[in-house]
Amino acid sequence: MTLSKEKTRAVLEKIGEMYPDAQRELSARSPFQILVAVILSAQATDVSVNKVTPELFKRFPDPKALANAAIPEIESVIRTIGLYHNKAKNLKACAQKLVMEFGSVVPKTREELMSLPGVGRKTANVVMGDAFGEPAIAVDTHLDRVTKRLGIAKESDSVRQVEQALMDKLPEKDWVKDHHRLIFFGRYFCTARNPHCAECPFLDFCLYGYKYLEEQSLKKKKK
Ligand code: SF4
């Protein structure tokens, strides 16, 4: 059994009270910059991406500039980010496709976005929501974890099933906002290693929280 629609919506309301300013933490000002930043953020922190994007956007302000860049030059700017070899290749190929097939304009649909090199469903969903306000829920590691701990989705659910569970239970108009709320809750409260279960407003129904607190108290007793 997973949480009902009503309970899920109540949980998101509460998280909204905890994080009223939850929003994208990647610095970017246009759909093109958002797309580039999100591609760079795969398996990297937003903080590390924000450190390189000012220089990257200065050197390559539009798809044409990035499409014409030499890969080593892109690499030299993003080398502090994990997987930078692959990401540099993808950024160039993505920019080339934007120039050749989309008139240098970032497309709005999931299908078109996913046709770009380096863009999977998660990246496409972030761009849809953040760049265009299109309803979409991008399931990253935080969202996957907290959605399962809270019982909104099942532990065995795939990323796609987690996305579907959230889409089924939350109003479409709130998808983008709720996506950011869940990310903040996972990033700053229900963290992977040290969730704040003792102070959590959801402890009365969160099975993971009870188990976690029991384990912590057993560990203390053993010391
Ligand atoms: S009780 Fe703990 S595991 Fe459950 S949602 Fe709250 S912080 Fe996360």
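Located above this text is the structure these notes cover.
Conventions and cut-offs
Residues numbered from 1 in each chain as written. Predicted model: local features only at pLDDT ≥ 70, side-chain atom pairs only at ≥ 80, totals over all residues. Heavy atoms only, no water. Helix = DSSP H or I, 4+ residues; strand = E, 2+ residues; numbered from the N terminus. Buried < 20%, exposed > 50% of the residue type's maximum accessible area, 1.4 Å probe, protein only. Near = heavy atom within 4 Å. Nonpolar A, V, L, I, M, F, W, Y, C, P; charged D, E, K, R; others polar. Contact = heavy atoms within 4.5 Å. Axes fitted to C-alpha atoms, helices over the stretch in contact; angles between N-to-C directions. Parallel < 35°, antiparallel > 145°, perpendicular 65-115°, else oblique. Left-handed = near helix turned anticlockwise from the far one by under 90°. Core = buried A, V, L, I, M, F, W, Y, C linked by side-chain atoms within 4.5 Å.

**Quick look at the side chain of T8**
Inspection of the secondary structure assignment puts T8 in helix α1 (residues 5-18). Classification of T8 as buried rests on a relative accessible area of 0%.

**Let's talk about the site of the ligand**
What surrounds the ligand is a group of 13 residues, the closest being C190, C197, C200, C206 and Y208. Split by residue class, the shell around the ligand holds ten nonpolar, two polar and one charged.

**Brief notes about the side chain of D178**
Note that D178 resides in helix α11 (residues 175-188). Among the residues examined, D178 registers a relative accessible area of 5% and is labelled buried. Apart from residues no more than four positions distant in its own chain, D178 is found in contact with L12 and L170.

**Considerations on the packing of helix α5 (residues 71-78) against helix α6 (residues 84-102)**
Axis separation between α5 and α6 bottoms out at 9 Å; the angle between their running directions is 125°. Classed by the angle they form, the pair α5 and α6 counts as oblique. By crossing handedness, the relation of α5 to α6 is classed as right-handed. Mapping the contact onto sequence places I71, I74, E75 and I78 in α5 and Y84, H85, K87, A88, K89, L91 and K92 in α6.

**Details of unusual backbone geometry**
Despite not being glycine, Q43 shows a phi value in the positive range, around 55°. For L83, which is not glycine, the phi dihedral falls at a positive 60°.

**As for the environment of T141**
Among the structural elements, T141 can be located in helix α9 (residues 141-149). On the basis of relative accessible area, T141 is assigned to the exposed category, the value being 54%. On a C-alpha basis, the gap between T141 and H179 in space is 12 Å, while along the polypeptide they are 38 residues apart.

**Some remarks on the nonpolar core**
Counting 39 residues, the largest nonpolar core has L35, L40, L56, I74 and I78 as its most contacted members. For this core, the secondary-structure elements that each account for two or more residues are α2 (31-40), α3 (46-59), α4 (63-67), α5, α6 and α8 (121-132). For this core, the element with the highest residue contribution is α2, accounting for eight residues. Dropping the residues within four chain positions of it, I78 is found in contact with L40, V52, L56, Y84, K87 and A88. Residues L3, A22, F184 and F202 belong to the second largest nonpolar core, which totals 26 residues.

Interpretation note: all reported values are geometric properties and have no functional meaning in isolation.
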